[in-house]
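Structural characterization, general
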Amino acid sequence: ELKQQGEIGNLGISVYQPDEFRRAMDHPEMAWIQAPFNVFDQNLNKQDFFEEAVKNGKRVFLRSVFLQGLLLMEPDSLPSAMDSASTAIKEWRTLCHRHDLSPIKAALCFVLTSAPDCEVVIGCETKFQVEEIIEAVRMNLPNDEFLAAAKALHTDDPNLINPSKWQ
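None of these values were measured; they are calculated from a predicted model. (Residues numbered from 1 in each chain as written. Predicted model: local features only at pLDDT ≥ 70, side-chain atom pairs only at ≥ 80, totals over all residues. Heavy atoms only, no water.)

1. Quick word on the overall build of the chain
Broken down by element type, the chain carries eight helices and four strands. Rg of the C-alpha trace for the chain: 17 Å, near the compact-globule value of 15 Å for 167 residues, within the 12% margin. When the 167 residues of the chain are sorted by exposure, 42% land in the buried category. Relative to all contacts within the chain whose residues are 6 or more apart in sequence, the contacts with residues 24 or more apart total 67%. When the accessible surface of the chain is summed, it comes to about 9,600 Å², and 47% of that surface belongs to carbon and sulfur atoms. With 16 positive and 25 negative side-chain charges, the chain shows a separation of 2 Å between the mean positions of the two kinds. (Helix = DSSP H or I, 4+ residues; strand = E, 2+ residues; numbered from the N terminus. Rg over C-alpha atoms; globule rule 2.2 N^0.38 Å. Buried < 20%, exposed > 50% of the residue type's maximum accessible area, 1.4 Å probe, protein only. Contact = heavy atoms within 4.5 Å. Areas by Shrake-Rupley, 256 points an atom, 1.4 Å probe, with all protein chains shown as cover. Lys, Arg positive; Asp, Glu negative; His and termini not counted. Charge placed at Lys NZ, Arg CZ, Asp CG, Glu CD.)

2. A word on a nonpolar patch on the surface
Nonpolar side chains collect at one region of the surface, where Leu-2, Ile-8 and Leu-11 lie side by side and expose about 230 Å² of accessible area between them. Residue placement: Ile-8 occurs in the segment before β1 (11–14). Using a relative accessible area of 32% as the deciding quantity, one classes Ile-8 as partly exposed. (Patch = residues over 30% accessible without salt bridge, like charges linked within 9 Å, V, L, I, M, F, W, Y side chains within 5 Å. Salt bridge = Lys/Arg side-chain N within 4 Å of Asp/Glu carboxyl O.)

3. Focus on the packing of helix α4 (residues 86–98) against helix α7 (residues 144–151)
The geometry of α4 relative to α7 is characterised by a closest axis approach of 11 Å and an angle of 180° between their N-to-C directions. Accordingly, the angle class assigned to the pair α4 and α7 is roughly antiparallel. Across the interface between the two elements, Trp-92, Leu-95 and Arg-98 of α4 pack against Phe-146, Ala-149 and Ala-150 of α7. Here the contact of α4 with α7 is built from residues that sort into five nonpolar, no polar and one charged. (Axes fitted to C-alpha atoms, helices over the stretch in contact; angles between N-to-C directions. Parallel < 35°, antiparallel > 145°, perpendicular 65-115°, else oblique. Nonpolar A, V, L, I, M, F, W, Y, C, P; charged D, E, K, R; others polar.)

4. Examining the packing of aromatic side chains
Summed over the entire model, instances satisfying the criterion amount to five aromatic pairs. Taken together, a centroid distance of 5.3 Å and an interplanar angle of 80° make the contact between Phe-37 and Phe-50 edge-to-face. Of this pair, Phe-37 sits in the loop between β2 (30–36) and α2 (43–46) while Phe-50 is found in helix α3 (residues 49–55), placing the two residues 13 residues apart along the sequence. The class for Phe-50 is buried, based on a relative accessible area of 2%. The ring of Tyr-16 is capped by Arg-63, whose NZ or CZ atom sits 4.5 Å from the centre of that ring. (Phe/Tyr/Trp six-rings, centres within 6.5 Å; stacked < 30°, edge-to-face > 60°. Lys NZ or Arg CZ within 6 Å of the ring centre and 35° of its normal.)

By themselves these figures say nothing about function.
Following this line, the structure appears as structure tokens:
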């Protein structure tokens, strides 16, 4: 009704689960869909939802590319409530180091390469992070070896990929 009255231009929704994404894609008035996507949480992309949505004229905005900052943390600086994430973060940091990428660059390049037709929503805390993000967007895409290894970090563990489960 508001759209018909010219009060809003596009209707969008922020989703978390594949069934929510599917309902948003199927809704004719829903133009924008925002969803989480990062090296650990690849659930929606594994089902080709992003590609399908874009093909059907929806704009997809990806959030949580740094998993609320978890992907940027050093394993030994994790809060005790996040000890269960330590192994995954160590594997991630090893991958970044092996490919000579900062965690910011690696996380962002993974998302931009894996979902090239989507928009990315990013939060920053420092000027340095903003500069590094700009540099990451401009850099060459990571190689196939990096992408394959990053895809292998996918997990369905809600205690790792769902920040609402964090203490």
